[in-house]
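Below, each chain spelled out in residue letters.
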Amino acid sequence: MEGLHFREAGHEDYQAMLRVSEGVHNGCDFLPALFQRWVDQRNRTILLAELEGIAVGLISTYIVDGGETVLVQAWRVHPCCRGKGVGRLLRQFAINQARQRYPRLRRQRYSENAAIFDSKPRTITDGVRE
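Just so it is clear, the model here is predicted, and its values are computed rather than measured.

Draft legend 1. Layout of the packing of aromatic side chains. The final tally for this structure, using the stated rule, is four aromatic pairs. Between the aromatic rings of Tyr14 and Phe35, the centroid separation amounts to 6.1 Å while the plane-to-plane angle is 65°, which identifies the pairing as edge-to-face. Here Tyr14 is found in helix H1 (residues 14–20), whereas its partner Phe35 is found in helix H2 (residues 31–40), with 21 residues between them in sequence. On the accessibility criterion, Tyr14 (23% relative accessible area) is partly exposed. When its relative accessible area of 0% is taken as the criterion, Phe35 is described as buried.

In structure tokens:
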């Protein structure tokens, strides 16, 4: 996508993160509560995708297993840019950056909280208490 740029996010990007996260997980997004802590976390990188200076995508990579595994978390694209390849390009950039920084990287893992995506109420029989 022409004009798309990637950069590392910092504490000052909290509002940009909120914009990109708009509507994620039906309003129950975990990222606003963790963002500031994640920015400071060792072995974690948060990247923003920007189009004309406006944040349109975000992804977090967290390196574990002594630099052999990258855990991809909080991968999202603002609704205005979905279906245009932003997420794919952002992921490719993030993985390439992780490979450059951690030459021993061998595995990619993707994390999501399936309970957040499921809008049906959970009961004790599902193994989760309301």
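Additional details are given in the paragraphs that follow.
Draft legend 2. Representation of the pairing of strand E5 (residues 107–110) in the model. In the sheet, strand E4 (residues 69–77) pairs with E5 via four bridges, with the strands oriented parallel. Each residue of the ladder has a partner; that of Val70, found in E5, is Gln108. Between the parallel pair E4 and E5, the chain is carried across by helix H3 (residues 86–101), and the sense of this crossover is right-handed.

Conventions used here
Residues numbered from 1 in each chain as written. Predicted model: local features only at pLDDT ≥ 70, side-chain atom pairs only at ≥ 80, totals over all residues. Heavy atoms only, no water. Phe/Tyr/Trp six-rings, centres within 6.5 Å; stacked < 30°, edge-to-face > 60°. Helix = DSSP H or I, 4+ residues; strand = E, 2+ residues; numbered from the N terminus. Buried < 20%, exposed > 50% of the residue type's maximum accessible area, 1.4 Å probe, protein only. Pairing = 2+ DSSP bridges. Right-handed = clockwise from strand over helix to strand, strands pointing away.

That is the geometry; function is a separate question.
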